[in-house]
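If you want the building blocks of each chain, they are given just below.
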Amino acid sequence: MEKSRRSSRLATKALSGEDPTNRNLSVCPQKSTTIVKYEKSSCLFCNEWFEAQTFTEHLIHCGQVLEECSNGCQAFIPRIRMRSHLKECPRSKQLQNQRGSVTMDHQEHSVHRLQVLEQDVGAIRSVLNEEIRQRLHLITDVGNIRKQNQVVDDWTREMEEEVGGLRRQLEDEVSQRSFVAEQNRLDVQYCCDITRSLKDQVEARLDEAEKLVNQLTMDVNMHQNQLNDNILKLEEIIFENERLNRDKFFQIEEFMQQINEDIKTKLGSNDHITSKHATLNYEVKNMKNIVCETEERCDKLDRTLHQTMQNLSDLEGQIAMQQRIASVQNIKGHLIWRIKDYSKKLEDAKQYDTILHSAMFSNKAFGYALRLDIYLNGKGTWKGRNLIACLNVLTGEYDPLLAWPCRLQAEIVVRDQSSNISEAQDYIKSIFVRKKSDDYIHSNQYFHIPHKVIASRNYLRNDSLFIEVRVLK
């Protein structure tokens, strides 16, 4: 009976809104409190699982909830069996039979009461077993939750340590990058100052070189004009001498003929005439010798003049050929330059700061005039350790027909002269060439190749270096 009353109290608590199974548990570790809430709960009477929102409504209508008999028989019957119990209730039968046989009623009531009690005991046992099972599950869940909380605490502590380390590393990285950025800014400023000074020096040297080239051109033209004038004067003198000698020779021949005729007429007259004739013959021979010498000199002058004219013609042809060769070597934007006697030229560059100029070439037919300039020993801050070179856009014949500003991209290749071509590894540098207009002096873009790179592999072989220029389309 006590157990039945206890079940009834549990049902009453469930109906009043309390959790009869104490599903809300609190796990209190040393440092934190964790509240575990279950989304589902099981009924103590029918062992069915329901959502937390529908659990109370289920207890109101659950058929396994124990209720006390309304006839006053003091029996607790499941709600679903209440109607059948009321039909069979001993108290009801007593009222209907108007106090029938007390013994039979008492026995039937006792038997029925015993059956009801057995059923109640079975129900209570099942409820208690279910409660024990739920409590075991809850204890297991609480242990697992404690372990999980411990793991979470350890993981949180480790993550805090990792985050602190990452923050320190980030601060170190930020400070280092700020220092590197400041250094880069200072280096860029230094490079800009050096570039500006180099630009001024290059412009000054280019102006001096242009003035020197113009002066040399004027001197060459002046000397050539003087040479042409001297040649014309020499030709006139030679022609005049030839004409005078020819006239004198004709006059001498005529005079000799007259003398011979006079001698023939007066040959036998006297000895004085004979001696005079001999003297005249002697003078004639001297005159002939003089004439012969004069003719020989004229011939020599003619040969000298012809040789001089021939040499001048050859010189003019060679100069024209050199100008044609020097102006444009190819028109395909591709140049291979062999620098012979590299060691000697490097020593000259170290001593005199000499500059090597390649042959002129063009990026295409009737295109820009290009030339590669090389400082074998470097220049400025790169001097003594690197080869410095730049690709120049020069003034060409077809500049008025080209598009300006000029923008070109090229590859500078140091060829590997390995005997096995498949193992050759060329050293390649990319460069951008820009020029505003055909009459604008621009600052060139330089690139450097370290001397140790040139000395490595087979770039330098037989004291020769091959440098290739490829102008990209």
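Each residue is numbered by its place in its chain's sequence as written, counting from 1. Totals for whole chains, interfaces and linings use all residues, but because this is a predicted model, local features are given only for residues with pLDDT of at least 70 and pairs of side-chain atoms are given and counted only at 80 or more. To get the side-chain values, all heavy atoms of the structure are used, and hydrogens and water are removed first.

**Quick look at the overall build of the protein chain**
- Scanning the protein chain from N- to C-terminus turns up eight helices and 16 strands.
- Expressed as a percentage of its 473 residues, the buried residues of the protein chain come to 28%.
- We call two residues in contact whenever any of their non-hydrogen atoms come within 4.5 Å of each other. Residue pairs at least 24 apart in sequence account for 58% of intrachain contacts in the protein chain once pairs closer than 6 positions are excluded.
- Approximately 33,300 Å² of the protein chain is accessible, and the part contributed by carbon and sulfur atoms is 53%. The helix count covers DSSP runs of H or I at least four residues long, the strand count covers runs of E at least two residues long, and both are numbered beginning at the N terminus. Burial classes: relative accessible area under 20% of the type maximum marks a residue as buried, over 50% as exposed, and values in between as partly exposed (1.4 Å probe, protein chains only). With residues, only the protein chains shown are counted as cover, and all accessible areas are computed by Shrake-Rupley using a 1.4 Å probe.

**Brief notes about the packing of aromatic side chains**
- Geometry of aromatic contacts follows a simple scheme: Phe, Tyr and Trp rings, the Trp one being its six-membered ring, pair when their centres are within 6.5 Å, and the pair is stacked under 30 degrees between planes, edge-to-face over 60, tilted otherwise. This structure, assessed with the given rule, holds three aromatic pairs.
- Note on Phe366 and Tyr398: the rings are 5.1 Å apart at their centroids and 85 degrees apart in plane angle, and the pair reads as edge-to-face. Within this pair, whereas Phe366 is found in the loop between strand 9 (361-362) and strand 10 (369-375), its partner Tyr398 is found in the loop between strand 11 (386-394) and strand 12 (406-414), the two being separated by 32 residues in sequence.
- Residue classification places Tyr398 among the partly exposed positions, given a relative accessible area of 35%.

**Things to note about the nonpolar core**
- Nonpolar core, defined: a set of buried Ala, Val, Leu, Ile, Met, Phe, Trp, Tyr and Cys residues in which side-chain atoms within 4.5 Å join the residues together. Counting residues in each nonpolar core, the largest one holds 34 residues, and the members touching the most others are Leu370, Leu372, Ile374, Leu376, Leu387, Leu391 and Leu465.
- No other element matches strand 12, which puts five residues into this core.
- Here Ile374 is in contact with Trp337, Ile339, Thr354, Ile355, Leu356, Leu387, Ile388, Ala389 and Ile467, once residues within four sequence places are set aside.
- Ranked by size, the runner-up nonpolar core spans seven residues in total, among them Cys69, Cys73, Ile77 and Met82.

**Details of the UniProt feature "coiled-coil region" (unreviewed entry) in the protein chain**
- UniProt positions are given in the numbering used here, feature names are shortened, and annotations may be inferred rather than shown by experiment. Those residues carrying the UniProt feature "coiled-coil region" (unreviewed entry) are residues 192-226 in this numbering.
- For residues 192-226, the helix share is 100%, the strand share is 0%, and the end-to-end C-alpha distance is 50 Å.

**Observations regarding helix 7 (residues 342-352)**
- The set of residues buried in helix 7 consists of Tyr342, Leu346 and Ala349. Buried residues in helix 7, looked at end-on, bunch into an arc of 60 degrees, giving them a common side. Helix 7 presents Lys344, Gln351 and Tyr352 as exposed residues on the side facing more than 90 degrees away from its buried surface.
- On its buried side, helix 7 packs onto strand 7 (334-339), helix 8 (451-455), strand 15 (460-461) and strand 16 (464-471).
- At the C-terminal side of helix 7, Asp353 shows a positive phi close to 55 degrees. Directions drawn from the helix axis to the C-beta atoms are what define this arc.

**Some thoughts on the confidence of the model for the protein chain**
- Per-residue confidence from the predictor is reported as pLDDT, which spans 0 to 100. Averaged over every residue, the pLDDT of the protein chain is 77; residues scoring 70 or more account for 78%.
- Least confident of the elements in the protein chain is strand 1 (residues 25-27), whose mean pLDDT is 39; most confident is strand 16, at 94.
- Counting interchain partners and residues more than four positions distant, the pLDDT-below-50 stretch residues 10-32 has 35 contacts.

**Concerning the pattern of salt bridges**
- Here, a salt bridge means any side-chain nitrogen of Lys or Arg that lies within 4 Å of a carboxyl oxygen of Asp or Glu. Under the counting rule described, the total for this entry stands at 13 salt bridges.
- In this structure, Asp193 and Arg196 form a salt bridge, with 3.1 Å as the shortest nitrogen-oxygen distance. Separated by three residues within a single helix, Asp193 and Arg196 lie in helix 5 (residues 102-265), roughly one turn from each other.
- A relative accessible area of 48% places Arg196 in the partly exposed class.
- Put simply, Lys344 and Asp348 hold a salt bridge, and the shortest N to O gap is 3.3 Å. With a gap of four residues between them, Lys344 and Asp348 both fall in helix 7, about one helical turn apart.
- Take Asp348: its relative accessible area is 23%, and that puts it in the partly exposed class.
- Salt bridges sharing partners connect three or more residues here, namely Glu411, Arg415, Asp426, Glu468 and Arg470.

**So, unusual backbone geometry**
- Between Trp404 and Pro405 the backbone carries a cis peptide bond, its omega angle lying at 5 degrees.
- Counting through the fold element by element, Pro405 comes out in the loop between strand 11 and strand 12.
- With a phi angle near 55 degrees, Asp353 is a residue other than glycine that sits in the positive phi range.
- Tracing the backbone shows Asp353 in the loop between helix 7 and strand 8 (356-357).
- Owing to a relative accessible area of 43%, Asp353 belongs among the partly exposed residues under this scheme.
- Despite not being glycine, Arg457 shows a phi value in the positive range, around 50 degrees.
- For Arg457, the location among the structural elements is in the loop between helix 8 and strand 15.
- The exposure class of Arg457 is partly exposed, given its relative accessible area of 44%.

**Things to note about a negative patch on the surface**
- By definition, no residue in a patch forms a salt bridge, and every one has over 30% relative accessible area; like charges are joined within 9 Å, nonpolar side chains (Val, Leu, Ile, Met, Phe, Trp, Tyr) within 5 Å. Under the counting rule used here, the positive set is Lys and Arg, the negative set is Asp and Glu, and His together with the chain ends is not counted. Lysine's charge is taken at NZ, arginine's at CZ, aspartate's at CG and glutamate's at CD. Residues Glu158, Glu160, Glu161 and Glu162 make up a contiguous surface patch of negative charge.
- By secondary structure assignment, the location of Glu160 is in helix 5.

**Things to note about the side chain of Asn386**
- With respect to the secondary-structure elements, Asn386 resides in strand 11.
- Residue classification places Asn386 among the buried positions, given a relative accessible area of 3%.
- With residues up to four places along the chain from it excluded, the contact list for Asn386 reads Tyr375, Leu376, Asn377, Gly378, His448, Ile449, Pro450 and His451.

**Some remarks on the side chain of Ser358**
- Relative to the helices and strands, Ser358 resides in the loop between strand 8 and strand 9.
- Here a polar contact means two N or O atoms within 3.5 Å. Within protein one must be a hydrogen donor candidate and the other an acceptor candidate, and residues neighboring in sequence count only if both atoms are side-chain atoms. Within the local environment of Ser358, its side chain forms a polar contact with the backbone nitrogen of Leu372, the two atoms lying 2.9 Å apart.
- Every residue in contact with Ser358, bar those within four places of it in the chain, is listed here: Leu335, Trp337, Arg371 and Leu372.

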